[in-house]
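Each chain is listed here by its residues.
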Amino acid sequence: QVQLVESGGGSVAAGGSLRLSCATSGVTPSNNCMAWFRQSPGKEPEGVAAIATDSSTSYADSVKGRFTISKDNTKNILYLQMDGLEPEDTAMYYCAADRPLGDGYCYPLPYTPTEEHEYNYWGQGTQVTVS
């Protein structure tokens, strides 16, 4: 029932921009914790940006000031605007969702998974290549 579908990836020159989209079904971004992760070959997954139910945001230090996470609560779409892309940003980017705590709280990044804090749903990913 829950489905996350990423799009918008591609190849771009260093310094360029891309906007990733995550269409959601069965998960409402307005009522769930949403995040973007990325993983490059031989590396551990990295939480890039997160947005909470109240629209508060957090970012990895490596992308702070260059990436912007946002959501359209009417269309149920999560976005990641990426500006000033660098070769180090090359990775597979994933959209993820996590149920909030009972009071609606969402943990900010960095992400440390626990039994009580785990992103339950993941998309298939979209490739971003920067040269």
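A brief structural summary.

The rules behind the values
Residues numbered from 1 in each chain as written. Predicted model: local features only at pLDDT ≥ 70, side-chain atom pairs only at ≥ 80, totals over all residues. Heavy atoms only, no water. Core = buried A, V, L, I, M, F, W, Y, C linked by side-chain atoms within 4.5 Å. Buried < 20%, exposed > 50% of the residue type's maximum accessible area, 1.4 Å probe, protein only. Helix = DSSP H or I, 4+ residues; strand = E, 2+ residues; numbered from the N terminus. Contact = heavy atoms within 4.5 Å. Disulfide = S-S within 2.5 Å. Polar contact = N/O pair within 3.5 Å; in protein donor to acceptor, adjacent residues only side chain to side chain. Salt bridge = Lys/Arg side-chain N within 4 Å of Asp/Glu carboxyl O.

**Re the nonpolar core**
- Formed by 26 residues in total, the largest nonpolar core has its most connected members in Trp36, Leu80, Met82 and Tyr93.
- At the level of elements, strand 3 (18–25), strand 4 (33–39), strand 5 (46–51), strand 7 (67–72), strand 8 (77–82), strand 9 (91–98) and strand 11 (126–130) are the ones that each hand at least two residues to this core.
- In terms of residues, this core owes the most to one element, strand 9, which gives four residues.
- Counting six residues, the second-largest nonpolar core is a separate cluster that includes Ala35, Phe37, Ala50 and Ala96.

**Describing the environment of Gly16**
- Tracing the backbone shows Gly16 in the loop between strand 2 (10–12) and strand 3.
- The class for Gly16 is buried, based on a relative accessible area of 18%.
- Along the sequence, Gly16 and Pro110 sit 94 residues apart, while their C-alpha atoms lie 26 Å from each other.
- Apart from the residues lying within four places of it in its own chain, the contact partners of Gly16 are Met82, Asp83, Gly84 and Leu85.

**Regarding the state of the cysteines**
- In the structure shown here, the tally under the stated rule is two disulfides.
- Across a sulfur-sulfur distance of 2.1 Å, Cys22 and Cys95 are joined as a disulfide pair. Judged by the sign of its S-S torsion, about -70°, the bond between Cys22 and Cys95 is left-handed. With Cys22 in strand 3 and Cys95 in strand 9, the pair connects residues that are 73 residues apart, well separated along the chain.
- Each bonded cysteine of the chain is numbered by sequence order, and under that numbering the disulfide pairs are 1-3, 2-4.

**Points about unusual backbone geometry**
- Look at the link from Leu109 to Pro110: it is a cis peptide, with omega at 5°.
- Along the chain, Pro110 falls in the loop between strand 9 and strand 10 (121–122).
- The backbone of Ser55 shows a phi angle near 75°, a positive value even though the residue is not glycine.
- One can find Ser55 in the loop between strand 5 and strand 6 (57–59).

**Side note on the side chain of Thr24**
- Relative to the helices and strands, Thr24 is located in strand 3.
- A polar contact of 3.0 Å, which involves the side chain of Thr24, links it to the backbone oxygen of Val27.
- In terms of polar contacts, Thr24 uses its side chain to reach the backbone carbonyl oxygen of Asn76, at 2.8 Å.
- Among residues more than four places away in sequence, those in contact with Thr24 are Gln3, Leu4, Pro29, Met34 and Asn76.

**Quick look at the environment of Pro108**
- Within the secondary structure, Pro108 is located in the loop between strand 9 and strand 10.
- Counting along the chain gives 48 residues from Pro108 to Ala60, while the straight-line C-alpha distance between them is 10.0 Å.

**So, the pattern of salt bridges**
- In total, this model carries five salt bridges according to the counting rule given.
- Close ionic contact of Lys64 with Asp61 constitutes a salt bridge, the shortest N to O distance being 3.3 Å.
- A relative accessible area of 51% means that Lys64 is categorised as exposed.
- A residue is classified by how much of its surface remains accessible, and Asp61, at 68% relative accessible area, is exposed.
- When salt bridges that share partners are traced, they join Arg38, Glu46, Arg66, Glu86 and Asp89 into one network.

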